[in-house]
Every structure is written in structure tokens, then in C-alpha cells.
Amino acid sequence: MNLSSDIKYIKGIGPRRSSLLAKLEIHTIEDLLTFFPKTYQDRTKIIKIKNILFNQHCCIFGKIINVYEKSIAKNLSVFCVDIDDTTAVLSAKFFRKVNPYSKFDIFSGIRSSFIVGKQAYLYGICEIKFGQRQMSIEDYEVLDNEFDKTELFNRLLPIYDLTAGITQKTLLSIIKKTVNEASVFYPDISNIDIIKSTTNIMPIQQAIRSLHFPKTLQEAEAARQSFALQEFLMLQIILLMAKKKNRKNTKIQKYTIKKTLLTPFKNQLSFDFTKAQKKVINEIFSDMTSNTVMNRMLMGDVGSGKTVVALSAILLAIENGYQAAIIVPTEILAEQHFLTFKNILKNLNINIDLVTSSTLKTKKQREEILANISEGKTNIIIGTHSVMEDRIKFKNISLVIIDEQHRFGVMQKVSALSKGATPDVLMMTATPIPRGLAMTIYGEMSISVIDELPPNRTAIETFCLTENVAYQSAIKEISNGGQVYIVYPLIDESDKVELKSAVKEAEILSQTVFKNNRVALLHGKMKPKEKNEIMISFKNKEFDVLISTTVIEVGIDVPNATIIIIQHADRYGLATLHQLRGRVGRGKKKSYCLLISDVKSKTSQQRLKIMTKTTDGFKIASEDLEMRGPGEFLGTKQHGFPEFKAGDIVKDIKLIELAKNTANKIIDEDPKLSLEKNLAIKYFLNNKYLNIFKVVQVG
Ligand code: ADP
Ligand code: MG
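Residues numbered from 1 in each chain as written. Chains lettered and ligands numbered in written order. Predicted model: local features only at pLDDT ≥ 70, side-chain atom pairs only at ≥ 80, totals over all residues. Heavy atoms only, no water.

## So, the overall build of the protein chain
- Scanning the protein chain from N- to C-terminus turns up 21 helices and 20 strands.
- By its C-alpha atoms, the protein chain is 90 × 75 × 45 Å across when sized along the principal axes.
- Put simply, the protein chain has 699 residues, and 53% of those count as buried.
- Approximately 32800 Å² of the protein chain is accessible, and the part contributed by carbon and sulfur atoms is 51%.
- A gap of 2 Å separates the mean positions of the 97 positive and 74 negative side-chain charges of the protein chain. (Helix = DSSP H or I, 4+ residues; strand = E, 2+ residues; numbered from the N terminus. Buried < 20%, exposed > 50% of the residue type's maximum accessible area, 1.4 Å probe, protein only. Areas by Shrake-Rupley, 256 points an atom, 1.4 Å probe, with all protein chains shown as cover. Lys, Arg positive; Asp, Glu negative; His and termini not counted. Charge placed at Lys NZ, Arg CZ, Asp CG, Glu CD.)

## Focus: unusual backbone geometry
- The phi dihedral of Lys259 is positive, around 70°, even though this residue is not glycine.
- Position of Lys259 relative to the elements: it lies in the loop between helix 7 (217-248) and helix 8 (262-268).
- One non-glycine residue, Lys541, adopts positive backbone phi at about 65°.
- Tracing the sequence through the fold places Lys541 in the loop between helix 16 (528-539) and strand 18 (545-548).

## Focus on the domain arrangement of the protein chain
- As far as domains go, the protein chain holds domain 1 (1-41 + 164-186), domain 2 (45-154), domain 3 (217-248 + 647-696), domain 4 (262-290 + 305-429) and domain 5 (460-614).
- A separation of 65 Å is found between the C-alpha centroids of domain 2 and domain 4. (Domains from an automatic or database assignment.)

## Let's talk about the sheet that holds strand 12 (residues 397-402)
- An order of 10-11-9-12-13-8-14 is seen for the seven strands of this open sheet, with the pairing classed as parallel. Where the open sheet ends on each side, the last strands, each with one partner, are strand 10 (352-355) and strand 14 (446-450). Strand-to-strand, the axes of this sheet are offset by a mean angle of 20°, without reference to chain direction.
- Judged from the four bridges that link them, strand 10 and strand 11 (residues 380-383) form a sheet pairing that is parallel. (Pairing = 2+ DSSP bridges. Axes fitted to C-alpha atoms, helices over the stretch in contact; angles between N-to-C directions.)

## Observations concerning the sheet that holds strand 3 (residues 76-84)
- Spatially, 2-3-4-6-5 is the arrangement adopted by the five strands of the closed barrel, whose pairing is mixed. Neighbour-to-neighbour, the strand axes of this sheet turn through a mean angle of 45°, independent of strand direction.
- The sheet contact formed by strand 4 (residues 89-97) and strand 6 (residues 132-143) spans three bridges and is parallel. Considered in strand 6, the bridge of Lys93 is made with Ser136.

## A short note on the environment of Phe271
- For Phe271, the position within the fold is in the loop between helix 8 and helix 9 (275-288).
- Look at Phe271 and you get partly exposed, because its relative accessible area is 40%.
- It is 32 Å that separates the C-alpha atoms of Phe271 and Thr549, two residues lying 278 residues apart in sequence.

## Digging into the packing of helix 11 (residues 331-344) against helix 16
- Here helix 11 crosses helix 16 at 50°, and the two axes come no closer than 9 Å. In terms of axis orientation, helix 11 runs oblique to helix 16. For the pair helix 11 and helix 16, the crossing hand works out as right-handed. Mapping the contact onto sequence places Glu331, Ile332, Glu335, Gln336 and Leu339 in helix 11 and Pro528, Lys531, Asn532, Met535, Ile536 and Lys539 in helix 16.
- Taken together, the residues of the contact of helix 11 with helix 16 sort by class into five nonpolar, two polar and four charged. (Parallel < 35°, antiparallel > 145°, perpendicular 65-115°, else oblique. Left-handed = near helix turned anticlockwise from the far one by under 90°. Contact = heavy atoms within 4.5 Å. Nonpolar A, V, L, I, M, F, W, Y, C, P; charged D, E, K, R; others polar.)

## A few points about the site of ligand 1
- Around ligand 1, a shell composed of 16 residues is seen, among which Asp272, Gly303, Lys306, Thr307 and Arg457 lie nearest.
- In this structure, Ser304 approaches ligand 1 through a main-chain N or O atom, which is 3.4 Å from an oxygen atom.
- Of the residues contributing to the shell around ligand 1, the split by class is four nonpolar, six polar and six charged. (Near = heavy atom within 4 Å. Polar contact = N/O pair within 3.5 Å; in protein donor to acceptor, adjacent residues only side chain to side chain.)

## Here's the deal with the state of the cysteines
- Here the structure, examined in full by the defined rule, presents zero disulfides.
- Left without a disulfide partner, Cys58 is nearest to the cysteine sulfur of Cys126, which lies 3.8 Å away.
- Taking the relative accessible area as the measure of exposure, Cys58 reaches 9% and is therefore buried.
- Lacking any disulfide linkage, Cys593 is separated from the closest cysteine sulfur, that of Cys464, by 8.6 Å.
- Its relative accessible area of 0% is what places Cys593 among the buried residues. (Disulfide = S-S within 2.5 Å.)

## With respect to a positive patch on the surface
- A grouping of Lys259, Lys266, Lys275 and Lys278 is seen on the molecular surface, where their side chains present a positively charged patch.
- Following the sequence through the fold, Lys266 ends up in helix 8.
- Owing to a relative accessible area of 48%, Lys266 belongs among the partly exposed residues under this scheme. (Patch = residues over 30% accessible without salt bridge, like charges linked within 9 Å, V, L, I, M, F, W, Y side chains within 5 Å. Salt bridge = Lys/Arg side-chain N within 4 Å of Asp/Glu carboxyl O.)

Right, dumping it as C-alpha cells:
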């Protein structure tokens, strides 16, 4: 047995459980050992019934003296248990919904456990109903005889994510067995001398145990930190190794700023670059003309004009005879850039090819595109991740730009680009991250910020209002020549959540409110070609209203669209709302973002209020971070951070610094990780983290 062994080697896990555990992404012994509890419940104190505090969770223990069932409504039944702990008797209840058409016996498991005379532990909330104390039971354990030991009570109980068919108790016992049998196989980085001498991190064997069976919350926290240090250290090591590799690759390409393309390009723009755009273009050019490969992140709020900055870098590459690629997260965006670029560059004799799964679909077109690229006829390659496929061979690529990088994940690998090339890499994101945080996480990447919007932009006004008012404003705007987005969180109707869906609402709205207007529908499940066609017709003003899901979130640029109505606005993170809002206010006309939400909770209203007060992406990001906490804020994959299982990039800044320093020392001493003492690191590198933290490494 080793860490990567199948979980079926653990006694008690047969094929059935193994397929249930697979639903929780548990496949190997390691997955089980490191299946982090999502929280811990304090069940250390067992309260005497006479001392019970009301309206809060508590645990009690006593003898079952009576059980009975009753139906309290057509679709609600209750199973009652009277418990006596010698200080008083408590009536405890299981409430269950009943389907009147089903013969399923909802209480069968409970009935067979709760036998009068046996002892039971109960966990739940106590309250007074009709003058009587009662408990609504959330968890229980019935002891068959009084010598039995409790598994779930008198302790800090780890609470795991579950799936139907697996209970906390089952999972707990499986994990206990696994920890006992297999935790010794888990490599320990804590005893590497450099780490041992600088930290007092909990050794990993103990950390595994303390993660699942802590005596105190402090112990659980120390265990978490041990895993977190491992994650941060491995990320830093991977970043360092990538950097070393880059440094060795002094780059092949040499650029001089000839301006044969740059000047005509600039002259034909209908605007001047902003100061901020000039500044970052200078930073990028100075990277590109240096001897080391560029590795730069460009952060600029929605609408700050990153595309023309990217184009400037691309033209520098092309006027020096090289190819350049720009990679975006969606086909719609690729298509849009393709049209924008074609339009701006139309007099410059530059060949642009669009590389997406659609354009590569038919043999004839594919062969033509592939040949153009490999022969060097194509100057600019615009595309989705298809650009990174092996079959795309470049003649001489020297620059790769990744747009809307946060949608890819920070460490997206850009490796498959032709062998031997050493392209400069520029990443662009509209999701602002506190700078200090970014520096810590992105490690050695340089950062540029566009900190102003182009002039003459009228600020977008944002309101929270009712659907009717929003629709009336939309109709008025359309009659003045404007266009409107309406965004829904769902594509299709779902019976799980009562949310309005794009498909259904498009049908309804086009026959009612907007029956005199031209309504189009766009969502992520449509074929790419269809999506593109709709987007282009919307841009060409062939539709007044575009009903959509968040597929329009990134990058879409339709300057004539002036109202965006966001349905169920409470369902989105502020960063997403900000991105969505950025779809309007892209032209000269005043624009509006209308947020619709029927959730009345204070926090959700407070969050939406932030949207109405500011249009500054940095401010919104930091307020969001503050309100939701880093876990949720960063957990949304909105920000392109690597996902840490144990680590928390806001809370653990000190740990990250420690990891960074330690990684430096380790790699200085042992650049190839060939020393025996670094075996654990090498193991994690090859077997785990290279897959998790995909480093942007070009060449
Ligand atoms: P983003 O940073 O969100 O990618 P875009 O590059 O799409 O923003 O730019 C948004 C809009 O602003 C585009 O229509 C673009 O032509 C325009 N724009 C860019 N730079 C300037 C500028 N310096 N002055 C005026 N308009 C600009
Ligand atoms: Mg953009």
C-alpha cells in the first residue's frame, strides 16, 4: 500500500462505498488522509437537561423512555423521543417532510435505533414550544448497551462534506482506519533541517491525526498550518524552478522599436493613449527589449483599454519579424478580438488567424490555418486554449498574451508552444487584487497596473430596483436607439432553485414586455458558431435586447449597449457583478446597471449597495474581500489564484513569506532536489503539485 493506492485496500470499503466516495473526489489513500473537515462541531460538553440553554445547539445524553410518531401536517411528520437524564425529561423530535404519494417509510432507520430502554446522545437546538421544552434533533447516537463508547459525542467532531449514502459516522470510521493504517506513508517535509530550524510546524503524521481528531480547535489549526506550509512551500519551489529555467533561456528574439507599424497604428486610432496606458506600454517594451524573457501581469479595470496595450506589444513583435499570439478564455471573445484587430489593422498588411475549436473543425480550413501559422504567413494568432494544442506549430513566435487571465487560473500552462521558442509572456486581467497579495502569490512575475480609465467616460450609474421599473427604463432606452443586456444566473429552468432562467424568460419577455423589440438569446450551452453569430448581430444593432447568462461576463465590447439588467443580482460575487457591469459604459452614452434582487437579507442588500456607490474595481474587490472573507472571495475561482486546500492566502501571509524564504534556501542548496533529505519535496513535486500548480512556462 502507498499513498496513491486505491481506497479499496482499506478494510470496510467495498465497491459500493468506493463509488460513493468517488463522488466526493476521494479515490486514493492520500485523498482520504487529506479529506479536510469543512468545520468542527464542539460536542465536548454534554449538558444536563435541566440546565439547557434555549435557541442554541447543545448535546444531551439520557435514557430513551418513550417514543411515538405523529403526522402534524399533510406533508410533515414527526418522530418523538422522550429522553430522561435524571435531571429532567426532554421531548426530542425528528421532523421529516412526507411525500403523500410515496410509500417510503421515512422513519424506518430512526425507529429501529430508538428502542425504549437504550441510551442516546442527541445533538440539536432546544426551544420552548407551547410552554414545553423540546429539541429538534440534528444528529444522534444510540448506544446498544451502557458500556459502548460513543464515536460522535464527548469530542470535537469533524464535519465532512457528505454524499447520499455516506454518513458522518461512516466517513469518520473509514478515515480513522485509514489514518491508523496509512498515515506513515505520508512524506514529511517538516523534518528537513532548513524547515526544522526555522519553524515549529507540526510534523505531518501528527498533523493528519490532529486534522481529523483534534482535542482542541487550536490543535486543528496547527494541523491546518502544517498542510498550508506544505502547499505554499511547494508552490514557491515550483515558481523558483520555473524562474531558473527561464533565466537559463536567454531569449532568442531581439526587438528594436522601429515604429514601422506602431506609428501608423497609433495614428489611426481615434483617441490618444491615456497616461496609464503609455506607462504600461513603456514597461512592456522595456521588458521585451531586454535580454530576459518577459513574465508580466497587467492589471487594469474593466474598460481601462488593455486591448490596445496588447496590440502595441504585438505590433512590436511583428515589426521585428516575429509572430504573436493572444489567448482568451471564450470563443466569443476570440471572435470579437479578431474583428477588432482586423478593423484597427486593416491598412497595415498584417495577417491574422483565428484559432478555436470551431475554426479548426473542418479539414480544409484547419489545414490552411495550420500551414499559414507554421510557414509564418500568419502574423497574429488569436484564439482560445486551442492555440496551445500540440498540432499548432509556429514559425517564430516571440510573444504570447493571455487575456482575462483570471478566467484561466493563474498557473495555466502555456507549454505546448513550439519547441525552442522563448516567447515573452504578458498576462492581462481585469480582476484587481490587492497589490501586496498579488506580489506574494505571483512570486516573480512583474506587475503593471492601468490605474485610470480613458477620458470622457460618463460613470455608469447603478440602481437596485424592481423588475418593472427596470423594464420600463429599458424600453425607453431602446426607443432612443440604445441596446440592453438582461442577465440571468441560469440557462434552463431548474426545479431545484426558484430562479428565473434565460431560456424561459427570453420566451416570455419577447412575447410580453419586449414584444415590439428584437430580442436575442445567448447562453453557454449554445454552439460556439451560434454564439458568435448572435454576438455579432447584437453588435451590429440587429437586436435591441440580449438575454444572456454570464457568458457575456468577460471582455464583450458593444459600445451602443447602455443598460444591463442583472436578475437575481444577490447570486453573484461583487467581482462578477463588476465585470458584468463593465459590459455597458463602453461608449459615449450614459449607461446604467440595474440590479434586481428579491432577497431581503441585510448582508445581501449591503453588498448590492456597494455596487451602487462605487465603480472602482479595486474598491469593490477590497470591500468584497472584507465582507465575505478570503475563503469565499478567493474560492470563487474568480481571481485565478491557485487553489489551496489548507492555505489561506490572506490569513497566512506570514506562512507564505516563510515558505518563500525556505524555498529559496532549499533551491540554492539543492537546485535539482537530488539530496536525500529533500526526497519528500521531490515526491510532492512529481506526484502532486506539478499538476495542481500549473506554472506558466513558455518554451
Ligand atoms: P478592457 O481593458 O476591459 O479590455 P478595452 O480594451 O476593451 O478594455 O477598451 C474599452 C473601450 O475603450 C474600447 O472601445 C476601446 O476602443 C476604448 N479605448 C481604449 N483606450 C482608449 C483611450 N485611451 N481613449 C479612449 N477610448 C479608449
Ligand atoms: Mg479586454
